[in-house]
Amino acid sequence: MAEGSKIISPDVQKVTKVTHYSDGLFAFRVTRPQSLRFRSGEFVMIGLPGDNGKPILRAYSIASPAWDEELEFYSIIVPDGPLTSRLQHIKEGDEIILRPKPVGTLVLDALTGGKRVYFFATGTGFAPFASLLRDPETYERFEEVIITHTCREVAELTYGRELVESLADDPLIGEFAGQVKYYPTTTREDSAKMGRITTLIESGEMFADLGLPPMDPATDRAMVCGNLAFNLDIKALLEKAGLREGANSDPAEFVIEKAFVD
Ligand code: A2P
């Protein structure tokens, strides 16, 4: 190697855009390593160098679709969180660490064929669905795509709402946008639809609002991403409706993943 030449690690990527939302939420885009192949819905480890030289890494769902030439992430800011308390200050041109080894269960390959797919998200659990909603394969596989997003407050819905609204103008996805039904709910601030999604499923209100029949393993598939208690409660409801949990190696009717936090 020529003297003075610099080794640029393939694990370092440049920030290209940062968007802050209220309530300690932000999204950012970074360059994509050429070697990275992933399936929409998967996650990678990203982070920043720590004070002792050891990187602080956390799992983050990739919020951009598999075809995008950049990578997008959606994050909460945990005030005392070892990573997000620092990550919140990144700006265009900064570098982050990204390990290009995608993994995860929220992939279309883990579901058997069906008529409609439900994406159930709480909080930043929306991120993997931001990827899947922008992937044409989702619409080739399913006639109807229902995305529910439950947050405490209205402002926390902004990233998801803007993303869903942008689908109609997306050159690749626009033609499929009519297949999407968006169902945002809040639990601690007044909005057009209030309540935990689990309650709205159990009462039948969600199905009535959307004009859909109750869940049926013959036609319905589901992907779930939220906090642990939410995931367990939804899982129980899906199993009660006769859906079985699938995996990459054994596709079935639903898959679940925890939304990652600092
Ligand atoms: P709630 O306000 O009633 O707790 P969090 O910010 O704690 O991760 O929660 C995100 C959203 O998920 C909130 O609207 C919260 O409602 C809801 N939620 C939390 N736990 C559950 C659960 N076990 N079942 C359904 N929704 C839940």
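Residues numbered from 1 in each chain as written. Predicted model: local features only at pLDDT ≥ 70, side-chain atom pairs only at ≥ 80, totals over all residues. Heavy atoms only, no water.

The name given to the protein in an unreviewed UniProt entry is ferredoxin--NADP(+) reductase, with Ketogulonicigenium robustum as the source organism. The Catalytic activity (unreviewed entry) comment attached to the protein in UniProt states, word for word, "2 reduced [2Fe-2S]-[ferredoxin] + NADP(+) + H(+) = 2 oxidized [2Fe-2S]-[ferredoxin] + NADPH". (UniProt positions renumbered as here; feature names shortened; annotations may be inferred.)

**Student:** Can you walk me through the sheet that holds strand 8 (residues 144-151) in this structure?
**Tutor:** Strand pairing in a sheet takes place through backbone hydrogen bonds and is either antiparallel or parallel in direction. Read across the sheet, five strands follow the order 9-8-7-10-11 without closing on themselves; strand pairing throughout is parallel. Unpaired on one side and paired on the other, strand 9 (180-186) and strand 11 (254-258) mark the two borders of the sheet. This sheet shows a mean twist of 10 degrees between the axes of neighbouring strands, independent of strand direction. (Pairing = 2+ DSSP bridges. Helix = DSSP H or I, 4+ residues; strand = E, 2+ residues; numbered from the N terminus. Axes fitted to C-alpha atoms, helices over the stretch in contact; angles between N-to-C directions.)

**Student:** Would you explain the layout of surface pockets in this entry?
**Tutor:** Where empty space is left becomes clear once a probe the size of a water molecule has been rolled over the atoms. Reported here for the largest pocket is a volume of approximately 710 Å³. Taken together, 26 residues line the largest pocket, and the ones lying closest to its centre are Thr122, Gly123, Thr150, Arg152 and Asn227. Listed by contribution, the elements that provide at least two residues to the lining of the largest pocket are strand 5 (70-76), strand 8, helix 5 (197-202) and helix 7 (228-240). For the lining of the largest pocket, the leading source of residues is helix 7, giving three residues. Broken down by class, the residue content of the lining of the largest pocket amounts to 10 nonpolar, nine polar and seven charged. When residues of the lining of the largest pocket are sorted by domain, at least three fall in each of domain 1 (2-103) and domain 2 (108-256). In this structure, the second largest pocket encloses a volume near 390 Å³. For the second largest pocket, the lining is made up of 18 residues, of which Arg29, Glu72, Arg134, Leu163 and Ser166 are closest to its centre. Elements with a contribution of two residues or more to the lining of the second largest pocket: strand 1 (12-21), strand 2 (25-31) and helix 4 (158-166). (1 Å grid on protein atoms, 1.4 Å probe; cavity = no way out; pocket = protein on both sides within 12 Å on 5 of 7 lines; lining within 4 Å. Points joined across faces, edges and corners; volume = space filled by probe spheres on them. Nonpolar A, V, L, I, M, F, W, Y, C, P; charged D, E, K, R; others polar. Domains from an automatic or database assignment.)

**Student:** Whenever I open this one, the domain arrangement of the protein confuses me. Can you help?
**Tutor:** The accessible area lost on association of the parts is a frequent measure of interface size. Domain annotation for the protein reports domain 1 (2-103) and domain 2 (108-256). On the side of domain 2, 20 residues touch domain 1, which itself brings 21 residues to the contact. At the boundary of domain 1 with domain 2, the tally comes to two salt bridges. In this structure, Glu72 engages Arg134 in a salt bridge whose closest nitrogen and oxygen atoms are separated by 3.2 Å. Seen at the junction of domain 1 and domain 2, the total is 11 residue pairs in polar contact (both at pLDDT 80 or more). Secondary-structure elements contributing two or more residues to the side of domain 1 that touches domain 2 are strand 2 and strand 5. Considering each element in turn, the side of domain 1 that touches domain 2 owes the most residues, four residues, to strand 5. Classifying every residue of the side of domain 1 that touches domain 2 gives 11 nonpolar, six polar and four charged. (Contact = heavy atoms within 4.5 Å. Salt bridge = Lys/Arg side-chain N within 4 Å of Asp/Glu carboxyl O. Polar contact = N/O pair within 3.5 Å; in protein donor to acceptor, adjacent residues only side chain to side chain.)

**Student:** Mind showing me how you'd approach the site of the ligand here?
**Tutor:** Lining the immediate environment of the ligand, one finds Thr122, Thr150, Cys151, Arg152, Thr187, Arg188, Arg196, Thr198, Asn227, Ala229, Phe230 and Asp233. Interatomic distance of 2.9 Å between a side-chain N/O atom of Arg152 and an oxygen atom of the ligand. Taking 560 Å² as the accessible area of the ligand by itself, protein coverage stands at 81%. Structurally, the ligand is housed in the largest pocket. Going through the elements one at a time, strand 8 and helix 7 are the ones with two or more residues in the shell around the ligand. (Near = heavy atom within 4 Å. Areas by Shrake-Rupley, 256 points an atom, 1.4 Å probe, with all protein chains shown as cover. Sits in = over half its atoms within 2 Å of the grid points.)

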